[in-house]
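In case you want the letters, here they are:
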Amino acid sequence: MKKLLQDRQSVRLGVFMALLFPFIYFGMSLLGLGNDAFSWWEALLVGLGNGVLFWFFLSSFRQFRDEDVTPNRR
């Protein structure tokens, strides 16, 4: 887990995603285009969960981006 937290770019993008969902949800509600599927606290929780999942998968996949996974032909 410490290795995943050291990827600062993934942490920043995860925080951005966690903030983006509630902003878009509340913005669409203010414009009258929202579907009211969540209450305000559920939207905040979904945004937080979305950001955490995005950060976890992004930083996990970035660990292996420089590895060569093509099969060796002999």
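Relevant structure appears above.
Residues numbered from 1 in each chain as written. Predicted model: local features only at pLDDT ≥ 70, side-chain atom pairs only at ≥ 80, totals over all residues. Heavy atoms only, no water.

A. Expanded view of the overall build of the chain. Per the secondary structure count, the chain includes three helices and zero strands. In sequence order, the chain lays out its α and β elements as α-α-α. Seen along its three principal axes, the alpha-carbon backbone of the chain occupies a region of about 60 × 30 × 15 Å. Looking at the chain as shown, the accessible area adds up to about 6,300 Å², and 66% of this sits on carbon and sulfur atoms. In the chain, the 8 positive side-chain charges and the 6 negative ones have mean positions that sit 11 Å from each other. (Helix = DSSP H or I, 4+ residues; strand = E, 2+ residues; numbered from the N terminus. Areas by Shrake-Rupley, 256 points an atom, 1.4 Å probe, with all protein chains shown as cover. Lys, Arg positive; Asp, Glu negative; His and termini not counted. Charge placed at Lys NZ, Arg CZ, Asp CG, Glu CD.)

B. Region of the structure containing the packing of aromatic side chains. Scanning all chains against the criterion turns up five aromatic pairs. Summarising the aromatic geometry, the rings of Phe-21 and Tyr-25 are spaced 6.3 Å apart at their centres and angled 15° between planes, so their arrangement reads as stacked. Of this pair, Phe-21 and Tyr-25 both sit in helix 2 (residues 8–31), separated by four residues, roughly a single helical turn. Judged by its relative accessible area of 10%, Tyr-25 falls in the buried class. Ring geometry for Phe-56 against Phe-57: centres 5.6 Å apart, planes inclined by 70°, an arrangement best described as edge-to-face. Taking relative accessible area as the criterion, Phe-56 reaches 33% and is therefore assigned partly exposed. Ring pairing ties together the aromatic residues Trp-55, Phe-56, Phe-57 and Phe-61, which thus form one cluster. (Phe/Tyr/Trp six-rings, centres within 6.5 Å; stacked < 30°, edge-to-face > 60°. Buried < 20%, exposed > 50% of the residue type's maximum accessible area, 1.4 Å probe, protein only.)

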